[in-house]
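Take a look at the letters that make up each chain.
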Amino acid sequence: GEWPLLIVLHGYAGSVLQWNPVVDHLKKNHRVIIPNLTHLYTGKVQWTFSEQIDILAEFIKTYFPRQKAHWAGISYGAAVLWGLALKHPELVEKTIFINPMPPAPIEHFKIPILKNIFRLPLNMQSIYMILRTPLGRFFLKRAAQIFRTDRADFLNRIDSLHGRKLLLICHVIYKFSWIIKSENWGLWKQRLEGWTAPSLLVYDSEDPLFEPKTYQRFQDLIGCDFVYELENAGHIAIENQGDKIADIMGQYLNDPGHFQSKIA
C-alpha cells in the first residue's frame, strides 16, 4: 500500500522552505505534502482564521479525497491545524504541534513592545507611521530576532527599509493584526476543551515569542498524549533543530509506544 500521508503547515509569513530541514528525513516513510499557504495568510484577499481553515480543508478534500492524514504545524500553522482538526476531524489522523500559536495570542506575547503594538487599532497608514519612528524600528528588530534565522543581515538592513519594501512589511503586520482581531477566540478555546485527536506537543520553554507557561497551558487545554520539550530551538524550531524534530516526529508517527521513553 501507499505510505501514510503527512501534511505539514508553515507559519505566518513563513514559507514551505522552513520545513526543508525536517521533511527529507520524513519522506523515507511518508508521503509529505507542504501546502504553500502564503496566499491565505498574507495575500491581498482578507480571509479570517476560520475561512482559511475551510479553504485548506476544501483543497485537501479535492486533491486527497476520502483520505485521513497525519498533520504537523508550527506557530500560526499549528493554530490552523488545531482549527482544522476541530472543524474537519474526518481529515485528521494524528497531530503534531510545534511551538503552536494559542487562541487570543496577543495576550501571550512575551515581548512587551509586540504586545503593546498589536493591542493598538492598526491600519496600513498607522503602521507605516509607527515603523518610521525609532520605536517602530525597535519593534522590527525584536520581531526579526524571533522569526528570522538570517537575523544579523536583516538587522543591518532595517534602518534602510523604505518605500515598497516597508509597505510590504506594513501589509504583513496589518493582515496579522486583522486576522487575530477578527476571530472569536473564546469560542475556539471552548472547542479545544473537547479535543479528542491524538496529539504530540513539541515546544521550547524559552521560546522568545510566547510567555513560558503558554505551552503548558495549551497542553492542559487539549490534554496532549505526548510532550517533548526542546532546548535552545527558538520559535521557528524546525529551521534550527530540524534533524532532532524529524526524529521526534518519526518516532511518534511510526512507534508511539517507543516514543514514551523520549518525553523530556
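Located above this text is the structure these notes cover.
Calculation criteria
- Residues numbered from 1 in each chain as written.
- Predicted model: local features only at pLDDT ≥ 70, side-chain atom pairs only at ≥ 80, totals over all residues.
- Heavy atoms only, no water.
- Axes fitted to C-alpha atoms, helices over the stretch in contact; angles between N-to-C directions.
- Helix = DSSP H or I, 4+ residues; strand = E, 2+ residues; numbered from the N terminus.
- Parallel < 35°, antiparallel > 145°, perpendicular 65-115°, else oblique.
- Left-handed = near helix turned anticlockwise from the far one by under 90°.
- Contact = heavy atoms within 4.5 Å.
- Nonpolar A, V, L, I, M, F, W, Y, C, P; charged D, E, K, R; others polar.
- Salt bridge = Lys/Arg side-chain N within 4 Å of Asp/Glu carboxyl O.
- Buried < 20%, exposed > 50% of the residue type's maximum accessible area, 1.4 Å probe, protein only.
- Phe/Tyr/Trp six-rings, centres within 6.5 Å; stacked < 30°, edge-to-face > 60°.
- Lys NZ or Arg CZ within 6 Å of the ring centre and 35° of its normal.

> Mind laying out the packing of helix α6 (residues 124-131) against helix α9 (residues 163-181), listing which residues take part and the relevant values?
Running from N to C, α6 and α9 point in directions that differ by 120°, and their axes come no closer than 9 Å. Between α6 and α9, the interaxial angle falls into the category oblique. As α6 runs across α9, the sense of the crossing is right-handed. From α6, M124, I127, Y128 and L131 reach across to α9, where they touch G163, L166, L167, I169, C170, H171, I173 and Y174. Class assignment for the residues of the contact of α6 with α9 results in 10 nonpolar, 2 polar and no charged.

> Please set out the pattern of salt bridges residue by residue, giving values where relevant.
Summed over all chains, the structure comprises 4 salt bridges. Among the ionic pairs, E107 bridges to R119, the shortest N-O distance being 2.9 Å. One end of the pair, E107, is in the loop between β4 (92-98) and α5 (112-119); the other, R119, is in helix α5, and 12 residues separate them in sequence. You can call E107 partly exposed: its relative accessible area is 43%. Given the relative accessible area of 46%, R119 is considered partly exposed. A salt bridge links E211 to K115; the nearest nitrogen and oxygen atoms lie 3.2 Å apart. Taken together, the residues span a long stretch of sequence, with E211 in the loop between β5 (199-204) and α11 (214-222) and K115 in helix α5 at a distance of 96 residues.

> Residue-level account of the packing of aromatic side chains, with values.
The geometry of an aromatic ring pair comes down to the distance between the two centres and the angle between the two planes. Evaluated as defined, the whole model comprises 21 aromatic pairs. Above the plane of the ring of Y252 lies K94, whose end atom (NZ or CZ) is 5.2 Å from the centre. A cation over an aromatic ring shows up here: R191 above the ring of W188, its NZ or CZ 4.6 Å from the ring centre.

> Please provide a residue-by-residue account of unusual backbone geometry, values included.
A positive phi is found at R66, a non-glycine position, where the angle reads about 55°. Among the secondary structure elements, R66 is positioned in the loop between α3 (49-63) and β3 (69-74). Of note in the backbone geometry, N99 takes a positive phi value of approximately 45° without being a glycine. Along the chain, the position of N99 falls in the loop between β4 and α5. Overall, the relative accessible area of 0% leaves N99 in the buried class.

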